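# A structural walkthrough
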Amino acid sequence: MTSGPRTVTAPRGNSRSARGWPQEAALRMLMNNLDPEVAEHPDQLVVYGGTGKAARDWASFDAICRTLVGLGDDETLLVQSGRPVGVLRTHEWAPRVLIANANLVGEWDNWDEFRRLEHLGLTMYGQMTAGSWIYIGTQGILQGTYETFAAVAAVLAARRTAGSAAGHATLAGTVTLTAGLGGMGGAQPLAVTMNGGVALCVECDPSRIQRRLDHGYLDLWADDLDAALRLAEQARAERRPLSIGVLGNAADMVPRALALGAPVDVVTDQTSAHDPLAYLPLGVAFEDWPALRAADPGGTTTRARESMAAHVAAMVGFADAGAEVFDYGNSLRAEARLAGYGRAFDYPGFVPAYIRPLFCEGKGPFRWAALSGDPADIAATDRAVLDLFPGNEPLARWIRLAGERVRFQGLPARICWLGYGERHLAGLRFNEMVASGELRAPIVIGRDHLDCGSVASPYRETEGMADGSDPIADWPLLNALVNTASGASWVSIHDGGGVGIGRAVHAGQVSVADGTPLAAAKLDRVLSNDPATGVIRHVDAGYPEALAVAARTGLRIPMRES
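Residues numbered from 1 in each chain as written. Predicted model: local features only at pLDDT ≥ 70, side-chain atom pairs only at ≥ 80, totals over all residues. Heavy atoms only, no water.

Quick look at the layout of surface pockets now. Here the largest pocket is characterised by a volume of approximately 1,000 Å³. Every residue lining the largest pocket is counted, 39 residues in all, and those nearest its centre are Gly50, Thr51, Leu277, Ala278 and Arg293. Elements supplying a minimum of two residues to the lining of the largest pocket: helix H3 (111-119), strand E7 (198-203) and helix H9 (289-295). With five residues, the top contributor of residues to the lining of the largest pocket is H3. Across the lining of the largest pocket, the residue classes tally to 18 nonpolar, twelve polar and nine charged. (1 Å grid on protein atoms, 1.4 Å probe; cavity = no way out; pocket = protein on both sides within 12 Å on 5 of 7 lines; lining within 4 Å. Points joined across faces, edges and corners; volume = space filled by probe spheres on them. Helix = DSSP H or I, 4+ residues; strand = E, 2+ residues; numbered from the N terminus. Nonpolar A, V, L, I, M, F, W, Y, C, P; charged D, E, K, R; others polar.)

Ranked by internal contacts, the top residues of the largest apolar core, which has 107 residues, are Met29, Trp133, Phe430 and Trp490. No other element matches helix H4 (residues 139-160), which puts nine residues into this core. If you look at the next biggest cluster of nonpolar residues, it comprises 40 residues, including Leu229, Ala336, Tyr341 and Tyr347. (Core = buried A, V, L, I, M, F, W, Y, C linked by side-chain atoms within 4.5 Å. Buried < 20%, exposed > 50% of the residue type's maximum accessible area, 1.4 Å probe, protein only.)

On to helix H2 (residues 58-70), then. Because an α-helix packs 3.6 residues into every turn, residues spaced three or four apart end up facing the same way. For H2, with 13 residues, the first-to-last C-alpha span of 19 Å sits near the 18 Å given by 1.5 Å per residue. Looking at the buried positions of H2, the neighbouring elements they touch are helix H1 (21-33), strand E3 (75-80), strand E4 (83-89) and strand E5 (97-101). (Expected span 1.5 Å × (residues − 1). Contact = heavy atoms within 4.5 Å.)

Further remarks concern the side chain of Ser331. Structurally, Ser331 is set in the loop between strand E11 (324-325) and helix H11 (332-338). In this structure Ser331 comes out as buried when scored by relative accessible area, which is 2%. Those residues in contact with Ser331, other than ones at most four positions away along the chain, are Ala273, His274, Tyr459, Val499 and Arg503.

A word on the sheet that holds E11. Spatial strand order, E8-E9-E7-E6-E10-E11: six strands in an open sheet with parallel pairing. At either margin of the open sheet sits one strand with a lone partner, and together these are strand E8 (220-221) and E11. With two bridges connecting them, strand E6 (residues 175-179) and strand E10 (residues 266-267) associate as parallel partners. Among the inter-strand pairings, Leu177 is bridged to a residue of E10, identified as Val267. Against the sheet, helix H8 (residues 250-259) contacts E6, E7 and strand E9 (242-247), and its axis sits at roughly 155 degrees relative to E6. (Pairing = 2+ DSSP bridges. Axes fitted to C-alpha atoms, helices over the stretch in contact; angles between N-to-C directions.)

So, about the pairing of strand E13 (residues 413-418). For E13, the tally of buried residues reaches six of six residues, placing the bulk of the element in the interior. Burial along E13 is two-sided: the face carrying Ala413, Ile415 and Trp417 and the face carrying Arg414, Cys416 and Leu418 are both buried. Of the pairings in the sheet, the one linking strand E12 (residues 364-370) to E13 comprises six bridges and is antiparallel in character. Within the sheet, the bridge partner assigned to Trp368 lies in E13 and is Arg414.

If you roll a probe as big as a water molecule over the atoms, it shows you where there is empty space left. Applying the stated criterion across every chain, the model contains six cavities of 30 Å³ or more. One number sums up the size of the largest cavity: a volume of about 140 Å³. Together, 17 residues line the largest cavity, and Gly49, Met184, Gln270, Thr271 and Ser272 are the ones closest to its centre. Here the residues of the lining of the largest cavity sort into one nonpolar, 13 polar and three charged. Of the volumes computed, that of the second largest cavity is approximately 70 Å³. Taken together, Gly140, Ile141, Gly144, Thr148, Tyr328, Phe350, Pro365, Trp417, Asp448 and Leu450 make up the full set of residues lining the second largest cavity. Of the residues forming the lining of the second largest cavity, the biggest block, four residues, is contributed by H4. Among the residues forming the lining of the second largest cavity, the class breakdown is six nonpolar, three polar and one charged.

On inspection of all chains with the given rule, the structure shows 30 salt bridges. Note that Asp530 is salt-bridged to Arg447, the shortest N-O span being 2.7 Å. Residue Asp530 is found in helix H17 (residues 517-540), and its partner Arg447 is found in strand E14 (residues 443-447); the two are separated by 83 residues along the sequence. (Salt bridge = Lys/Arg side-chain N within 4 Å of Asp/Glu carboxyl O.)

Structurally, a disulfide amounts to a covalent bond that connects the sulfur atoms of two cysteines. In total, this model carries zero disulfides according to the counting rule given. Not part of a disulfide, Cys360 finds its nearest cysteine sulfur in Cys452, a span of 9.5 Å. (Disulfide = S-S within 2.5 Å.)

At a minimum axis separation of 8 Å, H17 and helix H18 (residues 544-553) run at an interaxial angle of 130 degrees. With respect to their mutual orientation, H17 and H18 come out oblique. Handedness of the H17/H18 crossing: left-handed. Of the residues in H18, those touching H17 at Val535, His538 and Val539 are Ala546, Leu547, Val549 and Ala550. (Parallel < 35°, antiparallel > 145°, perpendicular 65-115°, else oblique. Left-handed = near helix turned anticlockwise from the far one by under 90°.)

Right under this line is the structure:
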């Protein structure tokens, strides 16, 4: 039978086809990435981000699945940019899969060379969790987006009260203008309304707007920008949460909103700007875009960058007018600068603006999925998390909101931000719940590559480091090595992520709670050591918050020992 596109969904339940649960988990999560409920373009193996793939081609996908089923408990599958290239004898503590995606030698580490090699069938773009088989749909980025907008709310509240804001700040009475409703950006409208605000979201692809409406992430679809602005202004005046999608090109709509003097308090963006061929140029009809990209990629790239410059110039205009403006890590500013716009970096990235204090504590996006396919297993793990961390009200608020408002895509899953000293406690509790039968099947535990110690990305996670170490890529490599040595079920190293080829190196790990003592021993190490690398990275950069965490927890820092 010729290998080709077909509908893929992950098996459910506690019966496995593979020889062990780590292998079965990898198989199911790979398949889950391509579930039509999860993936943007599953027929093309594209999971999210416009080009982020789960496997290089359908023949590679089939070979990976076949190999995982027969893989021994002392064997490791090597996957090179979405293609299974070898099986080696290792040991039971070794990862069952090691993955490397889109990594190029420095002199060749750019989009043009990547596209040449991709055209030859030699590589693929793995985004972050697409090519590492731990994407869980839009929820995967939702809590990070929620946390970011909560931090924005606190900044706005402090500004209104001259820095003396207290209590839980919200976005009530504010309008956030943004763009992009894809696999990452689609989290924005729900994250804003969960924080009490109004979100106005521009999107050029009508299917993406409809998908967010269908999944409950977006409230309504406005006829045009004028109608959207009227709805936003009314909801803002009533301090009523509302999310509005409007069809159009961000490079046109955002400048128009600025020119109209729109009542906008917060501006950001989540278009697929990391790859200029994934950003719709001004003057190009959406239906004509694919043919233009294929016929003239160089010219399309130039036009896209010029359009991004217009988009960024409007965002700077909003900042000049007093709005809270931030980059959400998709390289929009970098592409605008390449087009010649000199003020592209006049507003900050979200990590240095809001998130870095969390990174210093080893906090980041901890996610898990129920291999049973039963939402009741996620409800049980939600209760376990609340029980484990009773004094963490922001965490409790998130878990409650997620339980009420988040629709599962594919295998039921959850995400929450946990830190160093916390993640392993959750992992061990989940493992106990599997062993006791409280959960119907094992739990897969992973995280976004956007984490405290797993990425070097000078335009996002490591922008503006205190010691100037923004581009040092040793840290994600050390993180991957540590997770391999600690017993993760599969480990990955990627180039590019959400900011594009040559702009980031990042690592991922996934571990399986299957109820066994061996799994418990691995979870204890992996889920402690993984976030510990984030604390260490920020200690080394001189952040006092990280130094305090290391001192309080007894984390050894040789250069601080006498």
